Amino acid sequence: MPIRIADAVTEAAPQGAKRLFVKSYGCQMNVYDGIRLADLMKPHGYALVEEVEGADLVVLNTCHIREKADDKLFSDLGRFKKAAPQAILAVGGCTGQALGAKIFQQESAVKIVFGPQTIQRLPTLLEKALRGQRAIDTDFPELEKFDRLPTPGAYGASAFVTIQEGCDKFCTYCVVPYTRGAEISRPHGDIVAEVQALAAQGVKEITLLGQNVNAYQHEGVGLATLCQLVGAVPGIARVRFTTSHPNNTTPDLIAAFAPVEQGGNPKLMPYFHLPVQAGSDTVLARMNRNHTVASYLETIAAVRAVRPDVAISGDFIVGFPGETEEEFQQTLAVAAHVGYVGAYSFAYSPRPGTPAAELPDQVDEVTKKTRLAALQAVLDAGTAAFCERFVGQTLEVLVEGPAKDAGQLRGRSPHNLPVNFTYGAADPVALVGQLVPVTIRRSTQRSLVGKME
Ligand code: 5AD
Ligand code: SF4
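In this report, we go over the structure that sits alongside the text.

Definitions and limits used
- Residues numbered from 1 in each chain as written.
- Chains lettered and ligands numbered in written order.
- Predicted model: local features only at pLDDT ≥ 70, side-chain atom pairs only at ≥ 80, totals over all residues.
- Heavy atoms only, no water.
- Salt bridge = Lys/Arg side-chain N within 4 Å of Asp/Glu carboxyl O.
- Helix = DSSP H or I, 4+ residues; strand = E, 2+ residues; numbered from the N terminus.
- Buried < 20%, exposed > 50% of the residue type's maximum accessible area, 1.4 Å probe, protein only.
- Expected span 1.5 Å × (residues − 1).
- Arc of directions from axis to C-beta.
- Pairing = 2+ DSSP bridges.
- Axes fitted to C-alpha atoms, helices over the stretch in contact; angles between N-to-C directions.
- Contact = heavy atoms within 4.5 Å.
- Left-handed = near helix turned anticlockwise from the far one by under 90°.
- Near = heavy atom within 4 Å.
- Polar contact = N/O pair within 3.5 Å; in protein donor to acceptor, adjacent residues only side chain to side chain.
- Areas by Shrake-Rupley, 256 points an atom, 1.4 Å probe, with all protein chains shown as cover.

What to know about the pattern of salt bridges
Consideration 1: Applying the stated criterion across every chain yields a total of 23 salt bridges.
Consideration 2: Among the ionic pairs, R180 bridges to E165, the shortest N-O distance being 2.8 Å. Here R180, found in the loop between α8 (176–179) and β9 (184–185), pairs with E165, found in strand β8 (residues 164–165); they are 15 residues apart in sequence, far enough to count as distant. Here the two residues R180 and E165 agree in accessibility, since each one is buried.
Consideration 3: Taking the shortest distance from any N to any O, the salt bridge between K368 and E365 comes out at 2.9 Å. Residue K368 and its partner E365 are both found in helix α15 (residues 365–388); the two are separated by three residues, about one turn of the helix.
Consideration 4: Taking the relative accessible area as the measure of exposure, K368 reaches 2% and is therefore buried.

See the structure below:
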């Protein structure tokens, strides 16, 4: 998914505005929060800028999911305080939530700390910091964030909307239940209103976001119904959602992927991100996933039964504590069997405060690296094979902007594959944000190349 923060810059920065630099790390929910942060600070006279140099306020919208993400935060802090010595430095996001006031001790230049559920309070925190005091707020005020933030500005033809936050599943490796709090769903009326506002600004594609997006539930409306409501908003042509949990994949959601003649949702795109994490039941049990490999594969088979061409994506963790070579081989077998369009795979990273960090038999880093490379090779082969099947087909592409190569535009296919294409004599500027037919001439490892019809 493209990050649209930079796009917002072009329409911002009026004369005399203070300069706000935001860096979002990690997941798409953080990207969404980053965009809303920029919208939030606009009425306070802050315009988003692309370069940290000369910024008045620098916000690091952080991720805590793996150790590497934390390391990046502290190296960036060192860099940013040099690049913008006069700026107020603020750490938001999941590391802000998890480490709280410890961040002030680790980096004294930081003046503000907040978490993912308190971004709406940044103006108050900033006032305090401008008075020379350290300001911190890591509360979990349910839904206040969504009530207090302004209607989002749209920065392209495709937009994210967070519909559900937090997680009650407590997988033993994961910090999310601690950093984003308990599962909560936003009222469906608020979500539809937000989508209407985005559609009025030209947005055609909505990606509904949640840590457990398919656990969405508000006043009897589940995710399948919400996808219908969102798809029915005039102007919305495509609906996607991410990230799902195998145990919340309900029959009505599976049925929504069917062709329209069979009662499916014609706006729902054929792409399903369903993490499995490991291909062995013993590892899944140690991870507290509460599902088996067989139940996961049954869910995938059920989706494919109604929509055979659906693109399946997923997440994997290798080197979970105690993972034997045999257990790892089972993960490889699942990856090969499913044939993912592209899955995210990670070496296990022990996170302080999570149960798995305390488990015996931690896997050494060399083994983790070797296993990760082996898994990635299997996943890459699946991606290339998935891309290849579209050669010769004409696909509807949502145009995002210019491609790297001159004379080409880039966009996304229904299966969410990046497509670069030539556009003949058409005006490229007029095509941005439109759905256009593109005939695919060849595929690369993870993208498609074609020609607009
Ligand atoms: N180590 C490695 N990967 C992790 N993930 C979550 N926690 C960890 C961890 N401690 C991965 C999972 C999850 C994705 C967002 O990040 O695969 O689905
Ligand atoms: Fe983390 Fe598991 Fe919740 Fe996903 S379902 S956010 S991996 S605890």
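Past the structure itself, the notes keep going.
Here's the deal with helix α3 (residues 67–83)
Consideration 1: With 17 residues, α3 ought to run about 24 Å at 1.5 Å a step, and its terminal C-alpha atoms sit 25 Å apart, in line with that.
Consideration 2: If you check which residues of α3 are buried, you get A69, D70, L73, D76, L77 and F80. Burial along α3 is one-sided: seen end-on, the buried residues are contained in an arc of 125°. Residues of α3 that are exposed and point over 90 degrees away from its buried face: K68 and K82.

Some remarks on the sheet that holds strand β13 (residues 238–242)
Sheet strands associate in pairs through backbone hydrogen bonding, adopting either a parallel or an antiparallel arrangement.
Consideration 1: Sheet architecture is open: three strands sit in the order β7-β10-β13, paired in parallel fashion. Either end of the sheet is taken by a strand with one partner, and the two such strands are β7 (158–162) and β13. Across the sheet, the mean angle separating the axes of adjacent strands is 25° when strand polarity is ignored.
Consideration 2: Running over the sheet, helix α9 (residues 188–200) touches β7 and β10 (205–209) and is turned about 160° from β7.

Things to note about the sheet that holds strand β18 (residues 408–412)
Consideration 1: Spatial ordering of the closed barrel is given by β17-β18-β19-β21-β20, a layout of five strands whose pairing is mixed. Sheet twist, expressed as the mean angle between neighbouring strand axes with direction ignored, is 50°.

Comments concerning the side chain of T162
Consideration 1: Inspection of the secondary structure assignment puts T162 in strand β7.
Consideration 2: Those residues in contact with T162 that sit more than four places away from it in its chain are M29, Y32, F146, R186 and L209.

What to know about the environment of R304
Consideration 1: Among the structural elements, R304 can be located in helix α13 (residues 293–306).
Consideration 2: Taking relative accessible area as the criterion, R304 reaches 26% and is therefore assigned partly exposed.
Consideration 3: Separated by 104 residues in the primary sequence, R304 and A200 have C-alpha atoms spaced 34 Å apart.
Consideration 4: Leave out the neighbours within four places in its chain, and R304 touches V310, I312, V338 and G339.

A look at the pairing of strand β21 (residues 448–452)
If a strand is regular, its side chains alternate between the two faces of the sheet.
Consideration 1: With four of its five residues buried, β21 lies for the most part within the structure.
Consideration 2: Across four bridges, the pairing between strand β19 (residues 418–422) and β21 is parallel. Pairing of F421 across the sheet is with G450, part of β21.
Consideration 3: With five bridges joining them, strand β20 (residues 435–443) and β21 adopt antiparallel strand pairing. Residue pairing in the sheet places S443 in a bridge with L448 of β21.
Consideration 4: Where β20 folds back onto β21 in an antiparallel hairpin, the turn is made up of four residues.

Structural notes on the pairing of strand β3 (residues 57–62)
Consideration 1: For β3, the buried fraction is high: six of the six residues fall into the buried class.
Consideration 2: Of the two faces of β3, the one carrying L57, V59 and N61 and the one carrying V58, L60 and T62 are both buried.
Consideration 3: Of the pairings in the sheet, the one linking strand β1 (residues 18–24) to β3 comprises five bridges and is parallel in character. Looking at the pairing, K23 lines up with L60 of β3.

Focus on the packing of α9 against helix α10 (residues 223–231)
Consideration 1: Relative orientation of the contacting elements α9 and α10 amounts to 30°, with a least axis distance of 9 Å. The chirality of how α9 crosses α10 is right-handed. Residue-level inspection shows H188, I191, V192 and V195 of α9 in contact with α10, the latter providing L226, L229 and V230.

Looking at the site of ligand 1
Consideration 1: With respect to spatial proximity, the complete set of residues near ligand 1 consists of I65, R66, Y173, Q277, D315, I317, F346, A347, Y348, S349 and R351.
Consideration 2: Within the contact set of ligand 1, an oxygen atom lies 2.9 Å away from a side-chain nitrogen or oxygen of R66.
Consideration 3: Measuring from a nitrogen atom of ligand 1, one finds a backbone N or O atom of S349 at 2.8 Å.
Consideration 4: Computed on the free molecule, ligand 1 has an accessible area of 400 Å², of which 87% lies beneath the protein chains in the complex.
Consideration 5: Among the secondary structure elements, those contributing two or more residues to the shell around ligand 1 are β15 (311–318) and β16 (342–347).

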